Amino acid sequence: MINLFSLKQKQKEAADGTGGRVPVKKQSAGELRVQKDISELNLSKTTFISFPNGKDDLLNFEITIRPDEGYYMGGTFVFSFKISPIYPHEAPKVKCKTKVYHPNIDLEGNVCLNILREDWKPVLSINSIIYGLQYLFLDPNPDDPLNQEAADVLKDHPKQFESNVKRSMAVKNIRKFATY
Amino acid sequence: MDMQGRWEDIDHLLLRQGTLVGPEFEPCAELRESLHNDLRVLVIGAGGLGCELLKDLALSGFGNIDVIDMDTIDVSNLNRQFLFRMHDVGKPKAVVAAEKVMQRVKGVKVVPHYGRIEEKDDEFYRQFQIIALGLDSLEARSYINSVVCSFLEYEADGSPALPTIIPMVDGGTEGFKGHARVIIPGVTPCFYCTLGLFPPQVTYPLCTLAETPRSPAHCIEYVHLIQWGQERPGDSFDADNPEHMKWIFDKAFKRAEQFKIAGVTYSLTQGVVKNIIPAIASTNAIISAACALETLKIATMCCRSMDNYMMYMGTQGVYTHTLSHEKDPNCLVCSPGVPFEVDSSISLQKFIELLLEDPQFKDKLSKPSISYQKRNLYMQAPPVLEEMTRPHLNSPLFELMEKAGGTLNVNDKKLTGILRVNVSFRGHNDTVMDMDTAGGG
Ligand SMILES: [Zn+2]
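Residues numbered from 1 in each chain as written. Chains lettered and ligands numbered in written order. Predicted model: local features only at pLDDT ≥ 70, side-chain atom pairs only at ≥ 80, totals over all residues. Heavy atoms only, no water.

Using the following cut-off: UniProt positions are given in the numbering used here, feature names are shortened, and annotations may be inferred rather than shown by experiment.
As annotated in an unreviewed UniProt entry, chain B carries the name NEDD8-activating enzyme E1 catalytic subunit and is attributed to Adiantum capillus-veneris. Note on chain B: under the UniProt heading Sequence similarities (unreviewed entry), the record states "Belongs to the ubiquitin-activating E1 family. UBA3 subfamily." Regarding chain B, the UniProt comment filed under Catalytic activity (unreviewed entry) reads as follows: "ATP + [NEDD8 protein] + [E1 NEDD8-activating enzyme]-L-cysteine = AMP + diphosphate + [E1 NEDD8-activating enzyme]-S-[NEDD8 protein]-yl-L-cysteine."

Under an unreviewed UniProt entry, the name given to chain A is UBC core domain-containing protein, and the source organism is Adiantum capillus-veneris. Check the Function (unreviewed entry) section of the UniProt entry for chain A; it says "Accepts the ubiquitin-like protein NEDD8/RUB1 from the ECR1-AXR1 E1 complex and catalyzes its covalent attachment to other proteins." A UniProt comment under Pathway (unreviewed entry) is attached to chain A, and it reads "Protein modification; protein neddylation."

Now the structure itself:
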C-alpha cells in the first residue's frame, strides 16, 4: 500500500506542483441524504417549504403549515428545521417559530412529537416529520402534554379549548409575539 | 543518540520474514529509518485515546507526528490523559501533548495544531500517509471520513488508485467497551458504509421530561432542553461554558428535589448534556495499542492489516472479536460511481435527457435531480427549489462543473439511495482544463 521508499519521491512531486488547487467543497453525509429527502418531498396543499439561505443550503429550511380543518383551521404555523451533518443518524431539530396554544408545543417552540426524539429511525424522512406535524394540528394529544394547561383544558372542556385556540390565533395575527 | 537495544522489539518485526507479512514486505533496516524520517502520521484528538496513541506511535518508531485537537485541558481529564499535569489545566491539549511526548521520547518530532479539524484545508490532510483517529464524536469521524474519501480516485478498471488512498485507523471507547478498525478508502468499508454500527443517541420524550420525570437524567435534560429557553431566551447554550453548565446543574438539582429524585450531580450533568460516557483509562490503553499496531502494520507492511473491525469488551473478563464488515457498493461517500462520458458542449437539460435515454440508467430514473459538490444544479421538487434551479437547465454542464469532470449526485424517487455519476468530458483532459482556466481568468 504505502511504499516507504517511494515516499521521498512523492513528497518532492507534491512540493513541486498542484499549488493552485481549488479546494473541493465536501458534502456531509447529512447534506447528501437530505438532498434526497427534499427532492422527493410530497407536500400537501396545506404545507409549504422555504429555504431562507437559498437553494444550496438544504440543512436549514422552514415548513409552513396552514391547516384546513380541525381546531387550528385558518392558522399559519412556521417550523424551522435544522439538519445535523450526521442526518439521518440523528433526527432533525425542529422548532415551532409561531407562538401557538397547543398541548404538545410549548411557548418556546419545543415540539413533543415522538419521531423527533425517542422514536426517530434513519429510515424515516423529512416527509414523515411533516406528516407528524400536520397530524399534531388535526389531533392534538392531551396525554403527552408539553403545555399542561392547554392539555387539561382540551381534556376537560373541549369547547373552551376550541375557543382558546381561536382567540390565541386571532391575537397572534394582530400582534405577532403577544402572549395570552 | 539511541541507547542500545532501543529498537530491538521493532526490529524483530522489521528485520525478519514471516508467514503473516503484508504484500511486498522486504525485511531491512531502512524500513525503520524511513518510518522515522519520511513517513508522516496525523493523530486526530489529543484526549484519552490521543495521549495513548501519541505515546505508542512515538515509542514504535514513528518520527514525524502531527496532532490536532480543539480542546483545552480540564481538571477532569487528568485521571487518564496522562500527558497532562495540574499546571497544564487551561492550556491547549495538542500543544501540551506534543511537548510532553517530545520530552520523553528522544528524536521524535510532534507538531501540534490547536484548532478544529474543519479549519484545515485539503492540502493539510494530503500531507499525511496515515491518519489515526482518537475521537469521541460521530460528527468529527464523519467529517474526516468525507474529507479522506474525497481524495480517493478510481482507475479505469474500477479499482481504487493506490496513490490517492490515505488509510485511517480509528479507535473508540465507551466505558469498558471499545473498537479499533482499519479504513482503507475504496478497499474496506468507510464510516458511512457502516454508520448503523454506531448506537443511536439516547433521547427521552419531551413530554416525559416536562411532566413525569423519573430519573436524574430526565431532570437534567429538562433544564437543558426546555428551561434554558424559557428562562434565558436569546442566550445560546454553550456546553463548554462553566457558568452555563453550573446553571443547568443548579436548576436540575432543584427540579430533582421537587420530584423527589436523587442523584443529580455536577459530573452527571456534564455527562448528560455533553452525552459523555465515562472514560476508562485501561480501555483507552488497549484500544490505542491496537490502533498503533495497525498503523505500524500499514506503514511497514510487516504484517497484514486487521480485517477490518475489532470490538473489545472489558465488562466481564476480556473479550475481543474481529469481524470483517462489508463495503456498501453504493456508499454515498466511498463508492466509485458510474462513469459517464459526455460532450463538453451539452447543457444540463441535454445531460438529463442523455441520462434518461442511457440503457444503464433509464430503468432506474424518472425525474432525476442533480447536484454537484455543495450546489444543487437542478431539483425536480419541491416547486420552490425547481424554480430556483431551473435557470441552470440551459447552462453548459461543463461550466456548471467548474470546467472539470467529477461526481454528480443524482436523486430520483425510483432510486433507493443516491446514484453517483462520474462525468468526464470528451476531449478535455487535465492539461486542456488548466489552459482553459488560465485563459478564462
Ligand atoms: Zn463508504
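Resuming the write-up.
1. Describing the overall build of chain B
Going by this rule: Helix numbers and strand numbers start at the N terminus; a helix is a DSSP run of H or I with at least 4 residues, a strand a run of E with at least 2. The cut-offs for exposure are 20% and 50% of the maximum accessible area for each residue type, with area from a 1.4 Å probe on protein chains only; residues under the lower value are buried, those over the upper are exposed, and the others partly exposed. His is not counted, nor are the chain ends; Lys and Arg add positive charge and Asp and Glu add negative charge. Here the site of a charge means atom NZ of a Lys, CZ of an Arg, CG of an Asp or CD of a Glu.
On a plain count of helices and strands, chain B comes out with 15 helices and 13 strands. Taking the principal axes of the C-alpha coordinates as reference, chain B spans close to 65 × 65 × 45 Å. When burial is assessed residue by residue, chain B has 51% of its 441 residues classed as buried. Separation between the mean location of the 42 positive side-chain charges and that of the 56 negative ones in chain B comes to 6 Å.

2. Observations regarding the sheet that holds strand β9 (residues 338-343) of chain B
To keep things clear, this is the line we draw: When DSSP finds two or more bridges between two strands, those strands count as paired. In this analysis, axes come from line fits to C-alpha atoms, helices being fitted only over the stretch in contact, and the angle between any two N-to-C directions falls in the range 0 to 180 degrees. Working rule for contacts: check all heavy atoms of both residues, and any pair within 4.5 Å makes them a contact.
Reading across the sheet, the 5 strands line up as β9-β13-β12-β10-β11 (chain B) and stay open at both edges, with mixed pairing between neighbours. Edge positions in the sheet fall to β9 and β11 (375-378) of chain B, since each has one partner strand and no second. Strand-to-strand twist across the sheet, computed as the mean angle between neighbouring axes with direction ignored, equals 35°. As paired strands, β9 of chain B and strand β13 (residues 419-426) of chain B are joined by 6 bridges and run parallel to one another. Bridging across to β13 of chain B, Phe340 of chain B finds its partner in Val423 of chain B. Running at roughly 40° to strand β12 (residues 406-411) of chain B, helix α2 (residues 29-39) of chain A makes contact with β10 (369-372), β11 and β12 of chain B of the sheet. The strands touched by helix α12 (residues 348-357) of chain B are β9, β10, β11, β12 and β13 of chain B; relative to β9 of chain B, the strand with the most contacts, the crossing angle is about 130°.

3. Notes on the interface of chain B and chain A
Spelled out, the test is: Each of two parts loses accessible area, computed with a 1.4 Å probe, when they are put together; buried area is these two losses added. Each salt bridge in this description consists of a side-chain nitrogen of Lys or Arg and a carboxyl oxygen of Asp or Glu lying within 4 Å of one another.
Each partner contributes to the interface: chain B provides 70 residues, whereas chain A provides 46 residues. For the pair chain B and chain A, the summed buried area comes to about 5200 Å², and 60% of that belongs to carbon and sulfur atoms. Joining chain B to chain A, the criterion identifies 1 salt bridge. Here Lys374 of chain B makes a salt bridge to Glu31 of chain A, at a shortest N to O gap of 2.7 Å.

4. Points about the UniProt feature "active site" (unreviewed entry) in chain A
Residues given the UniProt feature "active site" (unreviewed entry) here are Cys112 of chain A. Note that Cys112 of chain A resides in the loop between β4 (93-96) and α3 (126-138). Looking at Cys112 of chain A, the relative accessible area reads 10%, which means it is buried. The residues contacting Cys112 of chain A, other than those within four sequence positions of it, are Asn104, Leu136, Asp144 and Leu146 of chain A together with Leu206 and Cys207 of chain B.

5. Things to note about the UniProt feature "active site" (unreviewed entry) in chain B
In the numbering used here, UniProt assigns the "active site" (unreviewed entry) feature to Cys207 of chain B. Mapping Cys207 of chain B onto the fold places it in helix α7 (residues 206-211). In contact with Cys207 of chain B, not counting residues within four places along its chain, are Cys112, Asp144, Pro145 and Leu146 of chain A together with Thr212 of chain B.

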